[in-house]
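Observations on the model geometry
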Amino acid sequence: MLFEVNHVCKYFPTGGNTLSGSKEVVKAVDDVSFVVYEGETLGIVGESGSGKTTIGRTMIRLNDPTSGEILFEGRPIQDLTRKQMRPLRKEMQIIFQDPYSSLDPRMTVGQLIQEPLDIQGDLPLEERKARVHYFMEICGLEPHYINRYPHEFSGGQRQRIGIARSLALRPKFVVCDEAVSALDVSIQSQIMNLLIYLQEVENLTYVFISHNLNVVYHMSDRIMVMYHGKVVELADREELYFHPLHPYTKLLLRSIPNVEHEGIKERHVDYHVPLPDGYVLDDDQKACALHEVKPGHFVFCKKL
Ligand SMILES: Nc1ncnc2c1ncn2[C@@H]1O[C@H](COP(=O)(O)OP(=O)(O)OP(=O)(O)O)[C@@H](O)[C@H]1O
Ligand SMILES: [Mg+2]
């Protein structure tokens, strides 16, 4: 197990006050628990504002959790200071939707990929250079691009640069946050295949966030569905897609555009599987929790 997330909450102040005078908050992530196994891809889906980015950022401590526990390789990291986190930083990286905004336009491709290695500062220059060449190659960037600038590239190639930069430190864990969402469909599949290839050669574990269910299905071993800051369902991808149990997951599946993709639509999604005996859905959120209703299949519901 690489990560264990136990009852994590992340509330943001809204700046307002409630009638009783306490501070108003947005419960971006609200009592969420799950694990991430080494080498897997855990997909996260859910509508805009459901908390996907917040949980991804909180796991790698780009956000401080409001409460709860985050274990990385068995070690609690939720209370580590910035300084204590520093040696762990290189183990955890994030790939963004729009690499362009995170790539300094005045730096060359070579400088951009090398910069995290320079900051980390524990590798001799020769090795840093060798690493830049290696990651350019495995990310499909031609060697002569090394002295070019980000604006000279297409969106897909810029994403390759962003990926090479994120992976140069050889992290164990990568959050891919809408990493292909801004790309054309044909480029999307190239970048997805690149991420799958890199996962194999670099032994990576991914949390793969997307609002696009087809993309998440393609990428993931297991899928977690978020709704209003809660995990409402979590299961192996086939189980989640073909035997969904939570009404919100069913709604998401029904809303997939009717295009053939990965055979999802031509196979039969069974929308009528009942919850196993002893579990019921309930509108009262307080009565509900994430229960393992079948082996490996978790649903936000009430246990009788
Ligand atoms: N830094 C912040 N300050 C205040 N509120 C925030 C902050 N970051 C996120 N939120 C709020 O937390 C909630 C969850 O946001 P989050 O970005 O995690 O959602 P998301 O599922 O990633 O959405 P999207 O699909 O649009 O990327 C939203 O209501 C958002 O407005
Ligand atoms: Mg987001």
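Since we're looking at a predicted model, the values are computed, not measured. (Residues numbered from 1 in each chain as written. Chains lettered and ligands numbered in written order. Predicted model: local features only at pLDDT ≥ 70, side-chain atom pairs only at ≥ 80, totals over all residues. Heavy atoms only, no water.)

Side note on the site of ligand 1
Neighbouring ligand 1 are the residues Phe-12, Val-26, Ala-28, Glu-47, Ser-48, Gly-49, Ser-50, Gly-51, Lys-52, Thr-53 and Thr-54. Residue Gly-51 places a main-chain N or O atom 3.1 Å away from an oxygen atom belonging to ligand 1. Contact distances for ligand 1 include 2.8 Å between an oxygen atom and a side-chain N or O atom of Lys-52. Burial of ligand 1 by the surrounding chains reaches 58%, relative to a free accessible area of 640 Å². Elements that contribute at least two residues to the shell around ligand 1 include exactly β2 (23-36) and α1 (52-59). Sort the elements by how many residues they give to the shell around ligand 1 and α1 lands first, with three residues. Across the shell around ligand 1, the residue classes tally to three nonpolar, six polar and two charged. (Near = heavy atom within 4 Å. Polar contact = N/O pair within 3.5 Å; in protein donor to acceptor, adjacent residues only side chain to side chain. Areas by Shrake-Rupley, 256 points an atom, 1.4 Å probe, with all protein chains shown as cover. Helix = DSSP H or I, 4+ residues; strand = E, 2+ residues; numbered from the N terminus. Nonpolar A, V, L, I, M, F, W, Y, C, P; charged D, E, K, R; others polar.)

So, the sheet that holds strand β5 (residues 75-76)
The strand order across the open sheet built from four strands is β2-β1-β4-β5, with neighbouring strands paired in antiparallel fashion. Looking at strand neighbours, the two that pair on one side only are β2 and β5, the edges of this open sheet. (Pairing = 2+ DSSP bridges.)

Observations regarding the pairing of strand β7 (residues 173-177)
Burial runs high along β7: five of the five residues are buried. Neither face of β7 is exposed, since Phe-173, Val-175 and Asp-177 on one face and Val-174 and Cys-176 on the opposite face are all buried. Relative to β7, strand β6 (residues 92-95) runs parallel, the two being bridged by four bridges. Residue Ile-95 lies in a different strand from β7, and its bridge partner there is Cys-176. Where β7 lies against strand β8 (residues 205-209), five bridges are found, and the strand directions are parallel. (Buried < 20%, exposed > 50% of the residue type's maximum accessible area, 1.4 Å probe, protein only.)

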